[in-house]
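Summary of the model geometry
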Amino acid sequence: MGDNNDRGQNTRKRRTTISGAGVATLKRGHGNKSGACESIAANHSNASKEDKVRESPTTSRKDKGKHEDSGDKLSCHRIQESLLSSASGYSNYRGILNWCVVMLILSNARLFLENLIKYGILVDPIQVVSLFLEDPYSWPAPCLIIVSNIFIMAALYTERRLSVGTFGERTGAFLYLLNLSAILCFPVATVLTVSSLTPVGGVFVLAVYTIIFLKLYSYKDVNRWCREISHAKARSLSRSHSCPSVHRANGAAAHAQVSYPGNLTHRDMYYFMFAPTLCYELNFPRSPRIRKRFLLRRLFEMVFLMQLLVGLIQQWMVPTIQNSMKPFQDMDFSRIVERLLKLAVPNHFIWLIFFYWFFHSSMNFVAELMQFGDREFYRDWWNSETVTYFWANWNIPVHKWCLRHFYKPMLRKGVQKWVAQTAVFLMSAFFHEYLVSVPLKMFRLWAFMGMMAQIPLAWFVGRFLRGNYGNAAVWISLIIGQPIAVLMYVHDYYVLHFQQSPVEGAD
Ligand SMILES: CC(C)(COP(=O)(O)OP(=O)(O)OC[C@H]1O[C@@H](n2cnc3c(N)ncnc32)[C@H](O)[C@@H]1OP(=O)(O)O)[C@@H](O)C(=O)NCCC(=O)NCCS
């Protein structure tokens, strides 16, 4: 007991001596702006006065203890705000976040069990191979990708001719027009005519050709800019014929710097083709070495998440989509909405996992392997409070390309900002539709309209919603918008190709 009393007194004493620091901590924890903090500070000054009285030399130790005891007994309140009121300035919601995660896991564990009980195990890795290969003796997708080298070489040789002046700029532009048009049209013609190419194989081929198109467009622009700079320098009697960007130090002394036209080599071209960027540069920033542990971690993530994605699609997405067909055919509106909301959950999870798999694991893996230094593949799109912020931050390679080769050139020509933004979204909508409609061999414009709908949505969110409300609106558009497009395409695809009866006992 006596021990306890001593300990109690010591604690009180410590409280008195550290009260200044304690208030400082409180101030930090509660934010400076709140009125509550001012009250706390005022309290503190009163408390200090009391402390001084208590610590006067005339007060005996015993009396002091009595004073403290009676003070504590008599007053146990001070002016302060409740933690959950905004005036308290309290912001540590870590526990709430953990609660959200636990609730998410529990509710999805229930969904997972329900799914297993109802459908059994649907995951079948062998079936995935059949999505790429219909006929084991015919490999149209890999063949098409090998053929793409012709277009890459055409761009390189055109540039070489342009650099020595064999072709003029107009001829070069015309050849590029032919080459870039062929890159977009050739795979379309092949996908639409070769029956052994599956829709998934078709998406893969068209995605590769779209990437090559965007990369070669950038290659063309940058080499032209280098020529323009060389000519400008030559006109100003400068002896240097190199591109100024060449001299920019990028912290990669180990890699030799190249200058125009020394960059027009097969090695340089293929480095760019495999590098995780759509924007060409003569001297990419390079990382000093390959970190093996980092590489292996990314490789493990790639393999694991790929399996997880396939499993979730087979086990969760496919049955939900199949069960959504009947309400669509019956035009049962309330059931359609119910199906849509049901599909939104797996679709959103799959999209989030895909984001991490592609933009973090895969791109970092390739970048590490190629010692490509710029790893900004995404920014904090999850904090987006506006739709434009989301589009400017979730896919940085595409956004960077749009800015550098489409948006800014338009602005420099005096095009109005909203017109330039609409043009970028129009182009993006075209490519979204291109990547979906051609492999499915049906032209429904759902992806196109989904992308174009971003413009009025961006206006609405920017105009009427701010802060957390804006952020919630962006999340809702992502969670609900995508399954709408998915359901539209799948429904139309089923109606067109199968028209089979939906799975019985849909729930
Ligand atoms: C349309 C889009 C390019 C607009 O981007 P944004 O960042 O909101 O555009 P902003 O108007 O804020 O300006 C961007 C840049 O242009 C510059 N800029 C603005 N007005 C300019 C002008 N008149 N002249 C030159 N530059 C100008 C800005 O300084 C800024 O430069 P910085 O990036 O170096 O800072 C973007 O929303 C986008 O990429 N959309 C499509 C994305 C997409 O389809 N992605 C597909 C993913 S699957």
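Residues numbered from 1 in each chain as written. Predicted model: local features only at pLDDT ≥ 70, side-chain atom pairs only at ≥ 80, totals over all residues. Heavy atoms only, no water.

**Side note on the confidence of the model for the protein**
For the protein, mean pLDDT is 83; residues scoring 70 or higher make up 79% of the total. Across residues 1-59 the pLDDT falls below 50, and counting only partners more than four positions away or on other chains, this stretch makes 46 contacts in the model. Contacts from residues 239-252, a stretch scored under 50 in pLDDT, to residues over four places away or in other chains number 27 contacts. (pLDDT = per-residue confidence, 0-100. Contact = heavy atoms within 4.5 Å.)

**Overview of the site of the ligand**
As a matter of local geometry, the ligand sits amid 17 residues, with His399, Tyr407, Lys408, Lys417 and Ser428 nearest to it. Tyr407 is positioned such that a nitrogen or oxygen atom in its side chain is 2.8 Å from an oxygen atom of the ligand. Here an oxygen atom of the ligand and a side-chain polar atom of Lys417 are 3.0 Å apart. Across the complex, the protein chains shield 65% of the 990 Å² of accessible surface that the ligand would expose by itself. (Near = heavy atom within 4 Å. Polar contact = N/O pair within 3.5 Å; in protein donor to acceptor, adjacent residues only side chain to side chain. Areas by Shrake-Rupley, 256 points an atom, 1.4 Å probe, with all protein chains shown as cover.)

**Brief notes about the nonpolar core**
Core analysis: the largest hydrophobic core is formed by 64 residues, its most contacted members being Ile183, Leu216, Tyr219 and Met269. Excluding anything up to four places from it in sequence, Met269 contacts Ile152, Ala155, Leu156, Leu216 and Tyr219. Leu295, Ile321, Phe328 and Phe365 belong to the second largest nonpolar core, which has 20 residues in total. (Core = buried A, V, L, I, M, F, W, Y, C linked by side-chain atoms within 4.5 Å. Buried < 20%, exposed > 50% of the residue type's maximum accessible area, 1.4 Å probe, protein only.)

**What about the UniProt feature "active site" (unreviewed entry) in the protein?**
In the numbering used here, UniProt assigns the feature "active site" (unreviewed entry) to His432. Mapping His432 onto the fold places it in helix 15 (residues 417-440). Judged by its relative accessible area of 37%, His432 is partly exposed. The contact partners of His432, leaving out residues within four places of it in the chain, are Ala447 and Met451. (UniProt positions renumbered as here; feature names shortened; annotations may be inferred. Helix = DSSP H or I, 4+ residues; strand = E, 2+ residues; numbered from the N terminus.)

**Looking at the side chain of Gln454**
Checked against the element boundaries, Gln454 lands in helix 17 (residues 454-464). On the accessibility criterion, Gln454 (15% relative accessible area) is buried. One polar contact links Gln454 to Trp391, side chain to side chain, over a distance of 2.9 Å. Leave out the neighbours within four places in its chain, and Gln454 touches Val387, Trp391 and Phe425.

**Some details on helix 12 (residues 333-369)**
Helical geometry note: an α-helix holds 3.6 residues per turn, so side chains three or four residues apart project in the same direction. With 37 residues, helix 12 extends 51 Å from end C-alpha to end C-alpha; this agrees with the ideal 54 Å at 1.5 Å per step. Residue Trp357 marks the point of greatest curvature in helix 12, where the axis turns by about 30°. Where helix 12 ends, the next residue or the one after it, Gln371, has phi of about 50°, a positive value. (Expected span 1.5 Å × (residues − 1). Bend = angle between axes of the 7 residues up to and from the residue.)

**Let's talk about unusual backbone geometry**
Tyr260 connects to Pro261 through a cis peptide bond whose omega is 5°. Residue position: Pro261 is located in the loop between helix 9 (199-235) and helix 10 (266-274). Unlike most non-glycine residues, Lys441 shows phi in positive territory, near 55°. Secondary-structure assignment places Lys441 in the loop between helix 15 and helix 16 (446-452). You will see that Leu445, though not glycine, has its phi angle at about 65°, which is positive. Mapped onto the elements of the fold, Leu445 is located in the loop between helix 15 and helix 16.

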